[in-house]
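In case you want the letters, here they are:
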Amino acid sequence: MITVYGFGAGFGLPEISPFVTKTEVQLKMAGLGYVKEKARPTASPKGQLPYIQDGTETIADSTFIRAHIEAKYGFDFDAPLNLQARAQAWAFERLIEHHLYWALVGARWTDPENFAKGPAHFFDAAPAHMREKLREDAQFRVAENYLISGLGRHAPDEDTDLAIRSLLALSVQLGDKRYLMGDTPCGADATAFAIVAGILTPFFESPLRDRAQQFDNLVAYADRMMEQYYPDFAWTPLRELTQFQAAE
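Notes on the structure in this doc start here. Model, not experiment: these values are computed from the prediction.

Some thoughts on the overall build of the chain
Line of reasoning, step 1. Each helix and strand counted, the chain has 10 helices and four strands in total.
Line of reasoning, step 2. Of the regular secondary structure in the chain, the N- to C-terminal order runs β-α-β-β-β-α-α-α-α-α-α-α-α-α.
Line of reasoning, step 3. For the chain, the C-alpha radius of gyration of 18 Å lies close to 18 Å, the compact-globule estimate for 248 residues.
Line of reasoning, step 4. Dimensions along the principal axes, computed over C-alpha positions, put the chain at roughly 50 × 50 × 35 Å.
Line of reasoning, step 5. Looking at the chain as a whole, 50% of its 248 residues qualify as buried.
Line of reasoning, step 6. Within the chain, residue pairs in contact and separated by at least 24 positions form 66% of the contacts whose partners lie at least 6 positions apart.

So, the side chain of Ser206
Line of reasoning, step 1. Looking at the element boundaries, Ser206 is found in the loop between α7 (187-200) and α8 (207-212).
Line of reasoning, step 2. Classification of Ser206 as buried rests on a relative accessible area of 10%.
Line of reasoning, step 3. Engagement of the side chain of Ser206 in a polar contact is seen with the backbone nitrogen of Arg209, the distance being 3.0 Å.
Line of reasoning, step 4. Residues in contact with Ser206, not counting those within four places in the same chain, are Ala107 and Asn114.

Section: the packing of aromatic side chains
Line of reasoning, step 1. Tallied over the full model, the rule gives 13 aromatic pairs.
Line of reasoning, step 2. With centroids separated by 4.8 Å and ring planes inclined at 85°, the aromatic side chains of Phe203 and Phe204 adopt a geometry described as edge-to-face.
Line of reasoning, step 3. The class of Phe204 is buried, set by a relative accessible area of 4%.
Line of reasoning, step 4. Following the ring pairs from residue to residue traces out a cluster consisting of Phe7, Phe11, Trp109, Phe115, Phe122, Phe123, Phe203 and Phe204.

Thoughts on unusual backbone geometry
The general pattern is negative phi for most residues beyond glycine and trans for most peptide bonds.
Line of reasoning, step 1. The linkage connecting Leu49 with the following residue, Pro50, adopts the cis geometry, with an omega of 10°.
Line of reasoning, step 2. Structurally, Pro50 is set in the loop between β2 (34-38) and β3 (51-54).
Line of reasoning, step 3. Residues other than glycine seldom take positive phi values, yet Phe11 does so here, at roughly 60°.
Line of reasoning, step 4. Relative to the elements of secondary structure, Phe11 occurs in the loop between β1 (2-6) and α1 (18-29).
Line of reasoning, step 5. Exposure remark for Phe11: the relative accessible area of 8% places this residue in the buried category.
Line of reasoning, step 6. The phi angle at Asp61 is positive, at roughly 85°, despite the residue not being glycine.
Line of reasoning, step 7. Of note, Asp61 is situated in the loop between β4 (57-60) and α2 (62-73).

Procedures and definitions
Here, residues in each chain are numbered from 1, in the same order as that chain's written sequence. Where local features are concerned, this predicted model is filtered to residues with pLDDT of at least 70; where side-chain atom pairs are given and counted, the filter is 80 or more; whole-chain, interface and lining totals use all residues. The side-chain numbers reported here are obtained from all heavy atoms of the structure, hydrogens and water having been left aside. Note on conventions: DSSP H or I runs of at least 4 residues are helices, E runs of at least 2 residues are strands, and numbering of each starts at the N terminus. To get the radius of gyration, use the C-alpha atoms; to get the globule rule, take the number of residues to the power 0.38 and multiply by 2.2 Å. Three labels apply to residues, based on accessible area from a 1.4 Å probe with only protein chains included: buried if under 20% of the type maximum, exposed if over 50%, partly exposed otherwise in between. In what follows, a contact means two residues having at least one pair of non-hydrogen atoms within 4.5 Å. Each polar contact in these results corresponds to two N or O atoms within 3.5 Å; when the atoms are within protein, one needs to be able to donate a hydrogen and the other to accept it, and residues that are neighboring in sequence are counted only if both atoms are side-chain atoms. Only rings of Phe, Tyr and Trp enter the pairing, Trp through its six-membered ring, and a pair is recorded when the two centres are within 6.5 Å. The plane angle decides the type: under 30 degrees is stacked, over 60 is edge-to-face, the rest tilted.

Here it is, written out as structure tokens:
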């Protein structure tokens, strides 16, 4: 049995980390059973989650976990795709993980209200005399990485504009298809779903979320994927929320 180490549910999502979500969805795509355990990033060989334990093997990083699944279990996530489509799927994964992900991070960690209601609680179990210092240090490190990513160098409205251009690209690629590359899910769908749901979760308010809701096909896609891969999770369909907001 494979063990997946992640953060656990939170922020209105079945898993706080989109990269853990990606791995969980890909395991479900491959039909592989797994158990879930909570862990801290410091427990991982690469200092980040997820990582998995598969027998005697420990594999860290969602992309290398996917490669492990493909190599050990012979499952090809992109089996329906020709070579060109595989290249396009990989390019979209890089756009999602190295651009949209940082927009999500910025909305959660650099907005004071979102930080206070979300990431700040990661440290609630720490000793009281250390708690605030740990929060400040973590927020500083994330803000530093956000700056290094490039998005953090811009004004808030500018980084949102850039993120929306990436969401537009994703929306155009999805079109009226059920999945990102066609009628069958591929590996990139796990990544796209994880980030899109992470941006759209009603738990956080942000200009990024407000503008992301305008992409009707991405909203429907997040609902569809949540129903397919997390049918038991208490998720209020985003289409219902956006329709309600529009009627107010």
